[in-house]
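Tertiary structure, described
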Amino acid sequence: MKSVFKIALLVVGITTLFSCNKSDDVSITPPRPYSEVYEEDKIKIKDFLDTHYVTVDADFNTTFTQIPAGGTQQSIFEMPELEFKDVEANDITYRLYYLKLREGSGVNPTRVDSAFVSYKGNTFMKTTAAGVDTYTQNVFEFAQSPEWETLDGVIRGWGEIIPEFKTGTYTSNSDGTISFDDYGAGVMFIPSGLGYFNLPRPSIPVYAPLIFNFKLYNQRYRDHDGDGILSKDEYGDFNGIATDTDGDGIPDYLDPDDDGDGYLTKFEIRKPLPLLTGQGTSLIYPFNPIVDDPLTTGVDESEPKGIPDASGDGTTPTRLRRHLDRNAKPPYNNY
Ligand SMILES: [Ca+2]
Ligand SMILES: [Ca+2]
Ligand SMILES: [Ca+2]
Ligand SMILES: [Ca+2]
């Protein structure tokens, strides 16, 4: 099934509801140790996965229902679509469970990119009376129409799980709407340490594990420091901390002079001046070699390859690109 949206109308009324760094004047509960809270969250999440089944409609909207006594429904924990990712944060290893309902057919964003997503956020609570457990779910956030989110500006759980999915395809309709198809769709179960933890949020208790049903329609690569190299290409190992070539405490994706040699990266990755190579020449090397685009006549994008190293090698994948090499001077100096 397709999702159809009037894109122009969709941002009204929905702001950055789950950015982490709001400076509202509120009293903050003194934080409990992350490890102590995670031990509780682990049990709560596993318990929910064991005691609930999920129904998924044609547009990948999910409903979680408690398995009744004697019920034979397949629990979420038993579903083949359930996967997990272990994430190091706060000096502990979190296990993030997620349901891959559909992977998507397009590209994966990274945790430093922007994602065009719709989502529904739930919390849940268990009460026990006369030996009977009852779960109450509460929807605290609902963006039925997609909106752009920066994956490094929202809760950590999002930045870890959304990149496990791919975008879809879209077509513009004659009535002004846009149809999306084959988009990624899933559910993530986030321990509070990768959510809001002790931050008071509207309708979310402190230390609450969060459940998000989401769909990933589109994504956009970013260049945080404006140096001409996409953040995804200079972040480094996404499973660890961001690379900082010159060790000045500013990671490469935020550092406009990555090797700290006083020459800005955006100049060091330039091809020789147009004066030397002719009009219409692309000034910036691609990060990796790319195929020639026949539409840009007079420009051979594939030659001379990607950003070269000091010796001019623009193809070897492991080469030290010259903007990361303090000893490699830019190929020209009149800028
Ligand atoms: Ca950059
Ligand atoms: Ca740096
Ligand atoms: Ca940089
Ligand atoms: Ca430099």
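In short, a report on the structure. Since the structure is predicted, the reported quantities are computational estimates derived from the model, not experimental observations.

Considerations on the overall build of the protein
Helices and strands together make up the secondary structure of the protein, namely five helices and 11 strands. Here the protein holds 335 residues, and the buried ones make up 43% of them. Here the analysis covers contacts within the protein between residues at least 6 apart in sequence; of these, 64% occur between residues at least 24 apart. With an accessible surface of roughly 17,000 Å², the protein has 54% of that area assigned to carbon and sulfur atoms.

Remarks on the coordination of the calcium ion (ligand 1)
Distances from the calcium ion (ligand 1) to its protein donors, Asp223 (OD), Asp225 (OD), Asp227 (OD), Ile229 (O) and Glu234 (OE), fall at 2.2 to 2.4 Å. Spacing between the donor residues of the calcium ion (ligand 1) along their common chain follows D-x1-D-x1-D-x1-I-x4-E. Separating the calcium ion (ligand 1) from the calcium ion (ligand 3) is a distance of 4.4 Å, and Asp225 supplies a donor atom to each of them.

Let's talk about the nonpolar core
Within the largest apolar cluster, 29 residues are counted, with the highest numbers of intra-cluster contacts made by Trp158, Ile162, Met188, Ile190, Leu210 and Phe212. When contributions to this core are tallied by element, the ones reaching two or more residues are strand E4 (82–89), strand E5 (92–102), strand E6 (114–129), strand E7 (132–150), helix H2 (156–161), strand E10 (184–190) and strand E11 (210–220). With sequence-adjacent residues up to four places away left out, Phe212 is seen in contact with Tyr119, Lys120, Gly121, Phe140, Glu141, Ile155, Trp158, Gly186, Val187, Met188 and Ile190. By size, the runner-up hydrophobic cluster in this structure holds 24 residues, among which are Leu99, Ala185, Val187 and Phe189.

Regarding the pattern of salt bridges
Under the criterion given, the structure shown has 16 salt bridges. Close ionic contact of Glu36 with Arg32 constitutes a salt bridge, the shortest N to O distance being 2.9 Å. Taken together, the shared-partner salt bridges connect Lys85, Arg111, Arg156, Glu160 and Glu164 into one network.

Some points on the environment of Ala69
Along the polypeptide, Ala69 turns up in the loop between strand E3 (62–66) and E4. Ala69 gets classed as exposed once you look at its relative accessible area, which sits at 83%. Along the chain, Ala69 and Val132 lie 63 residues apart, while their C-alpha atoms are 9.7 Å from each other.

Structural notes on the pairing of E4
Relative to E5, E4 runs antiparallel, the two being bridged by eight bridges. Paired with Glu83 across the bridge in E5 is Tyr98. Hairpin remark: E4 followed by E5, antiparallel, with two residues in the connecting loop; positive phi at Asn90, about 55°.

A look at the coordination of the calcium ion (ligand 4)
Around the calcium ion (ligand 4), the protein contributes the donor atoms Asp257 (OD), Asp259 (OD), Asp261 (OD), Tyr263 (O) and Glu268 (OE), which lie 2.1 to 2.3 Å from the metal centre. All donors of the calcium ion (ligand 4) come from a single chain, and their spacing in sequence reads D-x1-D-x1-D-x1-Y-x4-E. Among the residues examined, Asp261 registers a relative accessible area of 14% and is labelled buried. Look at Glu268 and you get buried, because its relative accessible area is 1%.

Quick word on the sheet that holds strand E9 (residues 178–181)
Strand-to-strand pairing in sheets goes through backbone hydrogen bonds, with the strands running parallel or antiparallel. Pairing is antiparallel in the open sheet, where three strands are placed in the order E1-E9-E8. The open sheet has two free edges, formed respectively by strand E1 (3–5) and strand E8 (169–172), since each of these has just one partner strand. Pairs of neighbouring strands in the sheet enclose a mean axial angle of 25°, with direction left out of account. Sheet analysis places E1 next to E9, joined by three bridges and oriented antiparallel. For Ser3, the partnering residue across the bridge sits in E9 and is Phe180.

What about unusual backbone geometry?
Non-glycine residue Asp91 carries a positive phi angle of around 65°. In this fold, Asp91 is placed in the loop between E4 and E5. Judged by relative accessible area, Asp91 falls into the exposed class, the value being 82%. If you check the backbone angles, Ala130 has positive phi at about 50° while not being a glycine. Summarising the element assignment, Ala130 is placed in the loop between E6 and E7. Ala130 sits in the exposed class, given a relative accessible area of 81%.

A closer look at the sheet that holds E11
Strand order in the open sheet formed by six strands is E4-E5-E10-E11-E6-E7, and the pairing between neighbours is antiparallel. Each of the sheet's edge strands pairs with one partner strand only, and the pair in question is E4 and E7. Each neighbouring strand pair of the sheet contributes to a mean axis angle of 25°, computed without reference to strand direction. Of the strand pairs in this sheet, E6 and E7 are connected by 15 bridges, and their pairing is antiparallel. The residue of E7 that forms the bridge with Met125 is Thr136.

Conventions used here
Residues numbered from 1 in each chain as written. Chains lettered and ligands numbered in written order. Predicted model: local features only at pLDDT ≥ 70, side-chain atom pairs only at ≥ 80, totals over all residues. Heavy atoms only, no water. Helix = DSSP H or I, 4+ residues; strand = E, 2+ residues; numbered from the N terminus. Buried < 20%, exposed > 50% of the residue type's maximum accessible area, 1.4 Å probe, protein only. Contact = heavy atoms within 4.5 Å. Areas by Shrake-Rupley, 256 points an atom, 1.4 Å probe, with all protein chains shown as cover. Donors = N, O, S within 2.8 Å, 3.2 Å for Na, K, Ca; no water. Core = buried A, V, L, I, M, F, W, Y, C linked by side-chain atoms within 4.5 Å. Salt bridge = Lys/Arg side-chain N within 4 Å of Asp/Glu carboxyl O. Pairing = 2+ DSSP bridges. Axes fitted to C-alpha atoms, helices over the stretch in contact; angles between N-to-C directions.

Keep in mind that these numbers describe shape and distance, not what the molecule does.
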